[in-house]
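Reading the structure
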Amino acid sequence: SASAINATNGVGLVPENIQLLGGPNLTYDQRLRLEYYNSTVIPPQRIGWNVLYDLPFGRGKHFGGSTGRGLNALIGGWQLASIGSWSGGNWLSVNAGEYVFSNPSLGSGQQLEFNYSGKLQRLYFKGDFDPTKASGIDLNTLEQLIPVDRGARAIHPVGGSFDNRIGVPLANGTVRQTAITDTLSWNPRAFILGPSNWNVDASVFKNFNLTEALHLRFTADLFNALNHPVDPAPNASTGLQDLTTQTNSPRIIQLSLKLQW
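Described below are features of the structure shown in this document.

**Some words on the overall build of the protein**
- Along the backbone of the protein there are four helices and 14 strands.
- By the compact-globule yardstick of 18 Å for 261 residues, the protein is too spread out, its C-alpha radius of gyration being 28 Å.
- Over its C-alpha atoms, taken along the principal directions, the protein stretches across nearly 100 × 50 × 25 Å.
- Out of the 261 residues in the protein, the part that is buried amounts to 34%.
- Surface exposure of the protein reaches about 15400 Å², of which carbon and sulfur atoms provide 55%.
- Each charge class in the protein can be summarised by its mean position, and for the 19 positive and 18 negative side chains these summaries are 10 Å apart.

Written out as structure tokens, the structure is:
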């Protein structure tokens, strides 16, 4: 199917020669290479880390080093553990219904923020939308990247009516409007690097020796400890990133006690 040969999620189907523009006679190996592109689920860079740190409070530490036994039992012996990760972002494609006519990628310094459809949005790449409906930005600046003329945009559907249909002359001299989506798109795929993201989880804990045989462990777990927002991927057609939503969970705090005897 057209959706399979033009899939952008890494599960594309090898096209037949009849599905290629111009109808070339390619071998299976040559057609297989047309479906090679970057992984859309594995980021090109990913860093993970973990930390275990003795907090500097209590007897023999930087703070409260000469404290008495009672106070030391309260403030000393605390430890901090943390695990985190940073991802450089996943590779993205434009919508299969849009065709690439020039490189739509934008550097971080070119990504404008403005209101569109009642939401704060970021222009992550040069997509296909009506720039005159934007607000909160100089329209001349925006239209340098997203022209009002749809046919001048970096990506847009083909055809005079922008419906991905082109005129094909028939043997009897008539012209029939024929969908181009049944053929393999010329678009590059997985060529736009998506937004980066990071997260930090942390735990603060302490072991209390109540008696020689009775021990208590207190732990405070903080998931997404810094409550850091992770922006969603941009819309594959408009290139707009909705900044009113985040893909991460909010900070979650879990308290626990463990008693051993």
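**A word on the sheet that holds strand 2 (residues 79-87)**
- Spatially, five strands are ordered 1-2-11-12-14 in an open sheet, and the strand pairing comes out antiparallel. Strands with a single pairing partner mark the edges of an open sheet, and in this sheet they are strand 1 (46-54) and strand 14 (252-260). Along the sheet, successive strands turn relative to each other by an average axial angle of 10°, direction set aside.
- Summarising the sheet, strand 2 and strand 11 (residues 197-209) pair through nine bridges and their orientation is antiparallel. Looking at the pairing, S82 lines up with A202 of strand 11.

**Section: unusual backbone geometry**
- For S117, which is not glycine, the phi torsion reads 55° and is therefore positive.
- Relative to the helices and strands, S117 resides in the loop between strand 5 (113-116) and strand 6 (119-123).
- Of note, N224 is a non-glycine position whose phi angle comes to about 55°, a positive value.

**Digging into the pattern of salt bridges**
- This model, assessed by the stated rule, comprises nine salt bridges.
- We note a salt bridge from R189 to E35, for which the minimum N-O separation is 3.2 Å. Here E35 lies in the loop between helix 2 (28-33) and strand 1 and R189 lies in the loop between strand 9 (175-179) and strand 10 (192-193), a separation of 154 residues in the sequence.
- You can call E35 buried: its relative accessible area is 11%.
- R150 is the salt-bridge partner of D128, the closest N and O atoms lying 2.8 Å from each other. Here R150 lies in the loop between helix 4 (139-145) and strand 7 (155-156) and D128 lies in the loop between strand 6 and helix 4, a separation of 22 residues in the sequence.
- The structure contains a network of salt bridges with shared partners spanning E113, R122 and D231.

**Things to note about the sheet that holds strand 13 (residues 240-242)**
- What the three strands build is an open sheet, ordered 5-6-13; its pairing is antiparallel. The open sheet has two edge strands with one neighbour each: strand 5 and strand 13. This sheet shows a mean twist of 45° between the axes of neighbouring strands, independent of strand direction.
- Two strands pair when backbone bridges link them, and strand 6 and strand 13 are joined in this way by three bridges, in the antiparallel orientation. Across the sheet, the residue bridging to R122 is Q241, located in strand 13.

**Concerning the packing of aromatic side chains**
- Taken as a whole, this structure holds seven aromatic pairs when the rule is applied.
- For the pair W78 and F218, a centre-to-centre distance of 6.0 Å together with 80° between the ring planes defines the contact as edge-to-face. Separated by 140 residues along the polypeptide, W78 in the loop between helix 3 (69-75) and strand 2 and F218 in strand 12 (residues 215-223) bring together distant segments of the chain.
- A network of ring pairs unites the aromatic residues W78, F208 and F218 as a single cluster.
- Of note, K206 hangs over the ring of F208, and the distance from its end group to the ring centre comes to 4.9 Å.

Reading the values: rules and limits
- Residues numbered from 1 in each chain as written.
- Predicted model: local features only at pLDDT ≥ 70, side-chain atom pairs only at ≥ 80, totals over all residues.
- Heavy atoms only, no water.
- Helix = DSSP H or I, 4+ residues; strand = E, 2+ residues; numbered from the N terminus.
- Rg over C-alpha atoms; globule rule 2.2 N^0.38 Å.
- Buried < 20%, exposed > 50% of the residue type's maximum accessible area, 1.4 Å probe, protein only.
- Areas by Shrake-Rupley, 256 points an atom, 1.4 Å probe, with all protein chains shown as cover.
- Lys, Arg positive; Asp, Glu negative; His and termini not counted.
- Charge placed at Lys NZ, Arg CZ, Asp CG, Glu CD.
- Pairing = 2+ DSSP bridges.
- Axes fitted to C-alpha atoms, helices over the stretch in contact; angles between N-to-C directions.
- Salt bridge = Lys/Arg side-chain N within 4 Å of Asp/Glu carboxyl O.
- Phe/Tyr/Trp six-rings, centres within 6.5 Å; stacked < 30°, edge-to-face > 60°.
- Lys NZ or Arg CZ within 6 Å of the ring centre and 35° of its normal.

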